[in-house]
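Residues per chain, in single letters:
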Amino acid sequence: MLKRKAEENPKNAKPKQSVRKNVSELKPHPINAEIYGENEDVSELVKDISRSGIVTTLTITDKDVILSGHRRWKSCKELLAQGDKRFETLNCEIFQSEDEDEQVQYLIISNKTREKTPWQKANEAEEMLKAEQSLAEKRKKAGIKIDLVAKSPQGSGKGRARDIVAKELRMRSGREVDRAAASVRKA
């Protein structure tokens, strides 16, 4: 889904810019806490990072907002507070879109392999559905028609926003997305 623009017009595709950022400069994306919660235990990740010294590259916006790597960032902040200066700066890639809906989609898709609670999965469905509906409306206004079968790297197929979200989030159907999103709205 996120690669559509680059695939439609490879000339406009921008290479990701790699930068090194101080941990204190980075800010969590607000939607991350809404989807996954704020008080997630990262103690095991802190131990792993401390032991190995390895922190995978984070993805951020050009305004230093984290899209991918919230748990790694939180772990490095904790290690710094313990006096471990190895994690004062982190490798980051800058996400090449200022579109908030695309950023939200990237944030959620970046967490595909993460173990999630049913509550977190429902939150993902709700936020992804809102983003996909908004992006569809933007494409419609711009007169852009996308053959999703040919363009989507996942082969999403043609369908409504909820069906696209179902495929992206590995849910059984658009109906399951609707039910999950509705459960979040009721809470």
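Everything numeric in this text was worked out from a predicted model, so none of it was measured. (Residues numbered from 1 in each chain as written. Predicted model: local features only at pLDDT ≥ 70, side-chain atom pairs only at ≥ 80, totals over all residues. Heavy atoms only, no water.)

A. Region of interest: the nonpolar core. Counting 19 residues, the largest nonpolar core has I108, L169, M171 and V177 as its most contacted members. Elements that contribute at least two residues to this core include exactly α2 (30–36), α5 (100–109), α6 (118–142), α8 (161–168) and α9 (174–186). Formed by 18 residues, the second largest nonpolar core is a distinct cluster that contains I60, L79, L80 and L90. (Core = buried A, V, L, I, M, F, W, Y, C linked by side-chain atoms within 4.5 Å. Buried < 20%, exposed > 50% of the residue type's maximum accessible area, 1.4 Å probe, protein only. Helix = DSSP H or I, 4+ residues; strand = E, 2+ residues; numbered from the N terminus.)

B. Examining α9 more closely. An ideal rise of 1.5 Å per residue puts 18 Å on 13 residues; α9 measures up with 18 Å between its terminal C-alpha atoms. Every buried residue of α9 is accounted for by G174, E176, V177, A180 and A181. Buried residues in α9, looked at end-on, bunch into an arc of 160°, giving them a common side. Opposite its buried face, α9 presents the exposed residues R175, R179 and K186, each directed more than 90 degrees away. Elements that come into contact with the buried residues of α9 comprise α6 and α8. Where α9 begins, the capping side chain belongs to S173, and its oxygen is found 3.3 Å from the backbone nitrogen of R175. (Expected span 1.5 Å × (residues − 1). Arc of directions from axis to C-beta. Contact = heavy atoms within 4.5 Å. Polar contact = N/O pair within 3.5 Å; in protein donor to acceptor, adjacent residues only side chain to side chain.)

C. Broad picture of the confidence of the model for the chain. Looking at the chain as a whole, its pLDDT mean stands at 84, while 84% of the residues score no less than 70. Ignoring residues within four places in sequence, the model shows residues 148–158, a span with pLDDT below 50, making 22 contacts including any to other chains. (pLDDT = per-residue confidence, 0-100.)

D. Region of interest: the pattern of salt bridges. For the structure on display, the rule yields 15 salt bridges. One salt bridge in this structure joins K63 and D62, with 3.8 Å as the shortest N-O distance. When its relative accessible area of 43% is taken as the criterion, D62 is described as partly exposed. Ionic pairing is found between K112 and E168, a salt bridge with its closest N-O pair at 3.6 Å. Taken as a pair, K112 in the loop between α5 and α6 and E168 in helix α8 lie far apart in primary sequence, 56 residues in all. Assessed through its relative accessible area of 1%, E168 is described here as buried. Within the structure, one salt-bridge network assembled from shared partners comprises E40, R71 and R114. (Salt bridge = Lys/Arg side-chain N within 4 Å of Asp/Glu carboxyl O.)

E. Fine view of the pairing of strand β4 (residues 65–68). Judged from the two bridges that link them, strand β2 (residues 27–28) and β4 form a sheet pairing that is parallel. Within β4, the residue paired with P28 across the bridge is I66. (Pairing = 2+ DSSP bridges.)

F. Representation of the environment of A33 within the structure. Tracing the backbone through its elements, the reader meets A33 in helix α2. Judged by relative accessible area, which is 26%, A33 ranks as partly exposed. Along the sequence, A33 and H70 sit 37 residues apart, while their C-alpha atoms lie 9.4 Å from each other.

G. The arrangement of the state of the cysteines in detail. Scanning all chains against the criterion turns up zero disulfides. Here C76 stays free of any disulfide, with the sulfur of C92 as its closest cysteine sulfur at 9.9 Å. A relative accessible area of 0% places C76 in the buried class. (Disulfide = S-S within 2.5 Å.)

H. Expanded view of unusual backbone geometry. Although it is not a glycine, D64 sits at a positive phi angle of roughly 65°. Considering the arrangement of structural elements, one finds D64 in the loop between β3 (58–60) and β4. Accessibility expressed as a relative area gives 13% for D64, which makes it buried.

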